[in-house]
Amino acid sequence: MENGEIESADEEMSFRGGRHYTRVVSHEQAVIQMSPIEIVSPPGILPKQERANFQANHTTDGSEGSSNVNDGHGEQKKESMLELFDFDSLVSVLGLRRYRTEFTVTGEQNPTTSSPSEGEDVAITLGRPKETTPKLGTLLGVFVPCLQSILGIIYYIRFSWIVGMGGIGESLMLVSFCGACTFFTSISLSAIATNGAMKGGGPYYLIGRALGPEVGVSIGLCFFLGNAVAGALYVLGAVETFLDAVPSAGFFRESVIVVSNSTSINGTVTNVTTTTISTPSLHDLQLYGVVVTILLCFIVFGGVKIINKVAPAFLIAVLFSLFCIFIGIFAAPRHNASSGITGLKLKTFRDNWSSDYQRTTNSGVPDPDGSIYWNFNALVGLFFPAVTGIMAGSNRSASLKDTQRSIPVGTLAATLTTTSLYLVSVLLFGALATREELLTNRLLTAEVAWPVPAIVYVGIILSTLGAALQSLTGAPRLLAAIANDDILPVLKYFKVSEGVEPHLSTLFTAFICIGCVVIGNLDLITPTVTMFFLLCYTGVNLSCFLLDLLDAPSWRPRWKFHHWSLSLLGALICIVIMFLISWSFTVVSLALASLIYYYVSIKGKAGDWGDGFKSAYFQLALRSLRSLGANQVHPKNWYPIPLIFCRPWGKLPENVPCHPKLADFANCMKKKGRGMSMFVSIIDGDYQELAEDAKAACRQLSTYIDYKNCEGVAEIVVAPTMADGFRGIVQTMGLGNLKPNIVVMRYPEIWRRENLTQIPSTFVSIINDCIIANKAVVIVKGLDEWPGEYQRQYGTIDLYWIVRDGGLMLLLSQLLLTKESFDSCKIQVFCIAEEDAEAEELKVDVKKFLYDLRMQAEVIVITMKSWEAHLKSGHQQDESMEAFGSAQQRIGAYLEEMKEKSNREGTPLMADGKRVVVNEQQVDKFLYTTLELNSIILRHSRMAAVVLVSLPPPPLNHPSYFYMEYMDLLVENVPRMLIVRGYRRDVVTLFT
């Protein structure tokens with residue numbers, strides 16, 4: 001194998017995107033042939049010649065290329081005037097033009113799709129089967145599910161207790177506060193839902209498309225858990241009501257002694273009355289709860305059709321029970337009513353205005369020795385599930401006929417209806433019964449209901465079962481929607497096809513619900529439900545806030561009654577409620593969401609949709625770019641932005657678009673991953689012919705950059721020659737101050753080959769272009785020997801600091817030390833002086849300069865004789881003079897050829913297409929200088945980990961061949977070297 005060649009290893013590495021890259025080890029080298037990138041056509045794409053033949057064949061046979069085509073009925077279709085645009089007509093794509101029949105290539109007749117009728121969804125993708133599943137409208141699709149989910153067990157068996165504990169005043173504030181949270185969330189939900197077509201997944205779909213897949217999946221899974229736990233909440237409420245109504249149905253009995261109406265005089269407790277209240281046993285709640293959950297799951301397995309038929313019947317019973325409760329309130333007190341029910345009295349209203357927080361048992365029964373102390377914060381946690389359920393309609397977005405109309409109207413109508421009902425109920429319950437009655441009568445709503453309490457018992461059971469049914473219906477579909485997006489591979493078992501019921505998701509939801517039912521405590525479950533729902537509401541509000549604040553062109557919601565301030569207020573209220581309820585529950589829920597977010601970011605797949613965060617990054621980048629302006633960056637804020645020249649001076653295997661060690665070196669130029677690299681390659685040829693090949697090569701290079709963790713961007717340029725392509729790149733690449741400031745490329749060690757005579761002129765042209773464009777240059781010699789990420793180096797990093805370069809060489813050495821490969825090395829700075837008298841003074845100055853730069857380095861000053869001193873001394877060096885003589889001979893032979901050609905053609909001395917002036921003494925001087933510097937490097941840095949040396953600029957009017965000879969003498973026998981040239985600005989500073 002020739003020097004510098006890369007062989008394809010047998011073992012290949014596969015990674016994201018299905019591409020395979022050859023593993024390149026440290027001893028492998030680059031192929032020594034200069035050629036442009038060769039592109040292999042991607043699968044499914046024909047090469048240019050085959051595409052041309054394909055088009056020609058189809059044009060000649062008249063099946064596709066001819067303008068007049070027989071339609072099978074003796075008629076000919078008219079020539080399309082839109083054929084000029086080389087795209088299908090919109091009329092044809094949208095199906096608005098009707099043809100009787102159309103012919104396939106084989107001549108078979110196929111009926112065409114007719115125009116869509118009014119109100120029907122238009123499918124852009126031809127051939128997609130029309131959906132036959134009946135769609136739901138606003139009433140049955142959104143309003144009824146939302147109303148059924150909101151009006152639940154809390155209102156029937158806890159609402160009067162909340163009024164008694166918090167009083168009328170704080171209860172009104174409680175309802176208003178929680179209602180404002182859901183109202184602002186509904187406005188945000190309406191805005192996002194009307195911003196475009198909405199698929200299944202409800203809030204997960206909205207949040208994921210607005211804030212990205214990581215946030216969407218994390219909040220979506222938490223919301224799924226909230227719905228599953230809410231199902232247990234509603235089941236327990238139904239069972240508790242049933243056991244209170246029919247105590248004989250319980251298998252276990254439990255009695256609680258309540259101490260109330262105690263007064264204290266001079267520290268002595270008097271007038272103590274005791275009341276014994278029977279409450280359902282925990283074991284009964286568990287037993288009945290598990291059975292009811294299983295029965296509901298069988299209904300859910302029947303599908304949405306059965307649920308849509310059952311839900312209205314449940315809701316009618318609920319509404320009728322509410323009607324009976326309000327009739328009973330106005331008719332109270334009746335002859336068989338409890339003594340604590342006074343009817344609507346102003347005195348009772350005044351007595352119940354203020355709060356009276358007490359200790360209670362786990363069942364909510366007041367007891368001075370109770371384990372739970374209630375305050376306003378605790379009431380928020382207990383009551384908030386009574387306002388949740390606004391997402392029930394959006395959870396079934398895939399079944400809605402018109403999501404952009406149904407979700408806003410149905411959700412807001414349900415929210416306003418229930419909030420108004422709660423506010424009125426606070427006033428009525430506060431004026432209806434004494435505080436003791438409100439706190440001890442667990443089913444006050446049933447006792448006051450007209451004409452008999454059994455109606456309310458039936459209403460409670462049906463409302464809770466209906467709400468549980470909605471939760472057990474929405475949660476599996478939410479989980480299936482998350483799985484169908486294929487973000488998390490672990491959820492692949494829950495994926496379902498369109499129109500198929502998510503049976504496995506339903507089983508998993510039932511398992512979670514049964515686990516929570518076994519807990520059996522309603523007051524412990526409600527804060528958990530609250531936290532998960534509040535996380536989802538916060539996500540919806542933040543999504544709308546971000547989209548509204550960014551105001552991207554794609555943000556055009558039909559719902560106009562929104563503003564970013566309302567969304568921000570809704571998000572803040574949600575966060576406040578979370579911390580009011582329990583800071584510990586809040587921390588746990590946020591930690592759970594963060595863990596899911598972290599897991600998705602590591603294991604999840606990238607979503608193929610745009611999100612608000614990317615838009616925010618884009619706008620932030622634009623604003624930052626405008627704020628930076630076009631002025632030079634201050635050294636304090638300077639970051640290297642390397643332009644990596646991928647493929648010059650060598651050919652690589654087709655599946656490796658960039659030399660792997662060049663990518664590793666690009667990472668060495670970043671401190672802790674900060675900064676950006678721009679990887680550029682050039683294809684020789686005509687852009688119109690090679691545009692598609694350039695796009696394919698760019699995708700391949702981008703994939704390879706991601707594989708190497710370089711955090712850069714890729715660009716492929718098509719140009720007649722490499723020199724022309726680079727000249728265009730160096731002028732146009734980047735924007736404002738985000739232009740590349742360092743050009744990184746490989747040293748052309750292969751330039752002497754006979755078939756690569758164009759390398760010297762191209763190499764010199766690139767260096768001259770960088771100097772003119774004020775770009776720094778870093779040329780890597782011995783690239784194949786560059787250490788990998790985990791190849792630790794020892795020894796020194798030697799800097800041969802010859803010219804002022806703005807501190808770039810010093811900065812590069814510091815960046816190398818931040819990498820694991822070089823962190824064990826030490827820095828040595830070699831300064832070149834021409835006189836011994838200058839050595840000590842130069843050493844002191846450099847030490848002081850490095851101290852001010854906070855750099856630890858050993859400073860060594862070396863005196864190098866000038867060319868004139870060398871001529872005077874006449875001292876001949878040993879083996880180095882052999883290399884010097886060989887270079888002189890090659891330059892002399894090249895010069896003789898130039899002169900012969902000039903004499904033969906009668907033209908001035910020309911090289912590389914331009915006139916040159918050769919001063920042979922100056923050529924010898926340059927050769928001696930590089931030779932002497934090379935001798936110094938070999939003498940002091942033969943064992944160095946890497947050597948950095950200043951890059952001499954190409955001399956004016958010298959042939960590029962001469963410059964390559966100078967450079968060859970400089971790098972001779974040095975295994976690993978960085979040749980550096982800074983630009984006219986400082987990249988390091990002494991000042992804080």
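You'll find the structure just up there.
Residues numbered from 1 in each chain as written. Predicted model: local features only at pLDDT ≥ 70, side-chain atom pairs only at ≥ 80, totals over all residues. Heavy atoms only, no water.

Draft legend 1. Main features of the pairing of strand E14 (residues 742–746). The element E14 is largely enclosed, with a buried count of 5 among its 5 residues. Of the two faces of E14, both are covered, the one formed by Ile 742, Val 744 and Arg 746 as well as the one formed by Val 743 and Met 745. Bridge count between E14 and strand E15 (residues 776–781): 5 bridges; the pairing is parallel. If you follow Ile 742 over to E15, its bridge partner there is Ala 776. (Buried < 20%, exposed > 50% of the residue type's maximum accessible area, 1.4 Å probe, protein only. Helix = DSSP H or I, 4+ residues; strand = E, 2+ residues; numbered from the N terminus. Pairing = 2+ DSSP bridges.)

Draft legend 2. Molecular detail of the nonpolar core. Tyr 155, Tyr 156, Phe 159, Val 217, Phe 383 and Tyr 422 are the most contacted members of the largest nonpolar core, which totals 145 residues. Looking at which element gives the most residues to this core, the answer is helix H7 (residues 213–245), with 18 residues. Those residues in contact with Val 217 that sit more than four places away from it in its chain are Tyr 204, Ile 482, Ile 487, Leu 488, Ile 596 and Val 600. Counting residues in each nonpolar core, the second largest holds 65 residues, with Trp 649, Val 743, Ile 891 and Leu 933 among its members. (Core = buried A, V, L, I, M, F, W, Y, C linked by side-chain atoms within 4.5 Å. Contact = heavy atoms within 4.5 Å.)

Draft legend 3. Fine view of helix H15 (residues 453–484). Its 32 residues place the ends of H15 47 Å apart at the C-alpha level, agreeing with the 46 Å of an ideal helix rising 1.5 Å per residue. In terms of burial, H15 is a largely internal element, 25 of the 32 residues being buried. In the segment just after H15, Asp 486 is the residue with positive phi, at about 60°. (Expected span 1.5 Å × (residues − 1).)

Draft legend 4. Representation of the sheet that holds strand E18 (residues 858–863). Spatially, E13-E12-E11-E14-E15-E22-E21-E16-E17-E18 is the arrangement adopted by the 10 strands of the open sheet, whose pairing is mixed. Pairing within the sheet leaves two strands with one partner each, and these edge strands are strand E13 (712–719) and E18. This sheet shows a mean twist of 20° between the axes of neighbouring strands, independent of strand direction. Bridging between strand E16 (residues 796–801) and strand E21 (residues 946–950) involves 4 bridges; their strand directions are parallel. Paired with Asp 798 across the bridge in E21 is Val 947. Its contacts with the sheet place helix H25 (residues 808–817) against E14, E15, E16, strand E17 (826–833), E21 and strand E22 (977–981), and it is angled at close to 175° to E16. The sheet strands contacting helix H29 (residues 920–940) are E16, E17, E18, E21 and E22, and the helix crosses E16 at an angle near 155°. (Axes fitted to C-alpha atoms, helices over the stretch in contact; angles between N-to-C directions.)

Draft legend 5. Quick peek at the packing of aromatic side chains. Here the structure, examined in full by the defined rule, presents 31 aromatic pairs. Their ring planes at 45° and their centres at 5.2 Å tell us that Phe 645 and Phe 726 sit as a pair that is tilted. Of this pair, Phe 645 sits in strand E11 (residues 642–645) while Phe 726 sits in helix H23 (residues 722–732); the two residues are 81 residues apart in sequence, bridging distant segments of the chain. The residues Phe 645 and Phe 726 share a single accessibility class, namely buried. On the numbers, 5.9 Å between centres and 50° between planes, the contact of Tyr 704 with Tyr 707 is tilted. Here Tyr 707 and Tyr 704 lie together in helix H22 (residues 687–707), a separation of 3 residues that amounts to about one turn. Given the relative accessible area of 3%, Tyr 704 is considered buried. (Phe/Tyr/Trp six-rings, centres within 6.5 Å; stacked < 30°, edge-to-face > 60°.)

Draft legend 6. Fine view of a negative patch on the surface. A surface patch of like charges, here negative, comprises Glu 834, Glu 835, Glu 838, Glu 841 and Asp 845. Turning to its location among the elements, Glu 834 is positioned in the loop between E17 and helix H26 (837–852). With relative accessibility at 57%, the residue Glu 834 sits in the exposed group. (Patch = residues over 30% accessible without salt bridge, like charges linked within 9 Å, V, L, I, M, F, W, Y side chains within 5 Å. Areas by Shrake-Rupley, 256 points an atom, 1.4 Å probe, with all protein chains shown as cover. Salt bridge = Lys/Arg side-chain N within 4 Å of Asp/Glu carboxyl O. Lys, Arg positive; Asp, Glu negative; His and termini not counted. Charge placed at Lys NZ, Arg CZ, Asp CG, Glu CD.)

Draft legend 7. Representation of the packing of helix H11 (residues 376–383) against helix H18 (residues 564–581) within the structure. Their axes nearest at 8 Å, the elements H11 and H18 cross at an angle of 115°. On the basis of the axis angle, H11 is roughly perpendicular to H18. Helix-helix and strand crossings are classified by hand; for H11 and H18 the assignment is left-handed. Of the residues in H18, those touching H11 at Asn 377, Val 380 and Gly 381 are Ile 577, Leu 580 and Ile 581. Here the residues of the contact of H11 with H18 are counted per class, giving 4 nonpolar, 2 polar and no charged. (Parallel < 35°, antiparallel > 145°, perpendicular 65-115°, else oblique. Left-handed = near helix turned anticlockwise from the far one by under 90°. Nonpolar A, V, L, I, M, F, W, Y, C, P; charged D, E, K, R; others polar.)

Draft legend 8. Examining the state of the cysteines more closely. Enumeration over the complete set of coordinates arrives at 0 disulfides. Here Cys 297 stays unpaired: no disulfide links it, and the sulfur of Cys 513, its closest cysteine neighbor, is 6.9 Å away. A relative accessible area of 8% means that Cys 297 is categorised as buried. (Disulfide = S-S within 2.5 Å.)

Draft legend 9. A look at the pairing of E13. Note that strand E12 (residues 677–684) and E13 share 8 bridges and pair parallel. When the bridges of E13 are listed, Asp 684 appears paired with Ala 719. Each parallel crossover has a hand, and for E12 linked through H22 to E13 it is right-handed. (Right-handed = clockwise from strand over helix to strand, strands pointing away.)

Draft legend 10. Just unusual backbone geometry, in detail. For the peptide bond that leads from Ala 332 to Pro 333, omega is 0°, which places it in the cis range. With respect to the helices and strands, Pro 333 occurs in the loop between helix H9 (304–331) and helix H10 (346–351). Residue Trp 450 is joined to Pro 451 through a cis peptide bond whose omega torsion reads 5°. Considering the arrangement of structural elements, one finds Pro 451 in the loop between helix H14 (444–448) and H15. Non-glycine residue Asn 774 carries a positive phi angle of around 60°. Turning to its location among the elements, Asn 774 is positioned in the loop between helix H24 (759–772) and E15.

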